Amino acid sequence: MRLIAPLLFILIGIVTSAVVGALFSGRGARFQMAAIAGAIGALAGLWLRDAFDMNFGGPLPGAMLAALAGSLVTSVAIHLIASILNRKKP
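Residues numbered from 1 in each chain as written. Predicted model: local features only at pLDDT ≥ 70, side-chain atom pairs only at ≥ 80, totals over all residues. Heavy atoms only, no water.

**Quick notes on the overall build of the chain**
No. 1: A tally of helices and strands in the chain yields three helices and zero strands.
No. 2: Structurally, the chain occupies a C-alpha span of about 50 × 25 × 15 Å along its principal axes.
No. 3: Evaluated residue by residue, the chain yields a buried proportion of 34% over its 90 residues.
No. 4: Here the contacts in the chain between residues at least 6 apart in sequence split such that 77% fall between residues at least 24 apart.
No. 5: For the chain, the accessible surface area stands at approximately 6,100 Å², while carbon and sulfur atoms represent 74% of it. (Helix = DSSP H or I, 4+ residues; strand = E, 2+ residues; numbered from the N terminus. Buried < 20%, exposed > 50% of the residue type's maximum accessible area, 1.4 Å probe, protein only. Contact = heavy atoms within 4.5 Å. Areas by Shrake-Rupley, 256 points an atom, 1.4 Å probe, with all protein chains shown as cover.)

Structure below.
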């Protein structure tokens, strides 16, 4: 489980960023950039969970929720920044 868990959390981050990218429908960041941001956000969420010693319903569900929350925050932030930068000026 030690080798599979980080891959699972990174996959959660990539899927979350893909869903957020679909919600922005082409106005946000490209998929590669969003996937990297989602994976980094998932790992950051896990790090923050460990740093603040939080526990959400057990070790694995808590880690999955932290990865989901971290990737959601970074994915939305990246897409908002990309959509503002890509806005065409009149």
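**So, the side chain of S83**
No. 1: By the element assignment, S83 lies in helix α3 (residues 59–85).
No. 2: Reaching out from S83, the side chain makes a polar contact with the backbone oxygen of L80 at a distance of 2.9 Å. (Polar contact = N/O pair within 3.5 Å; in protein donor to acceptor, adjacent residues only side chain to side chain.)

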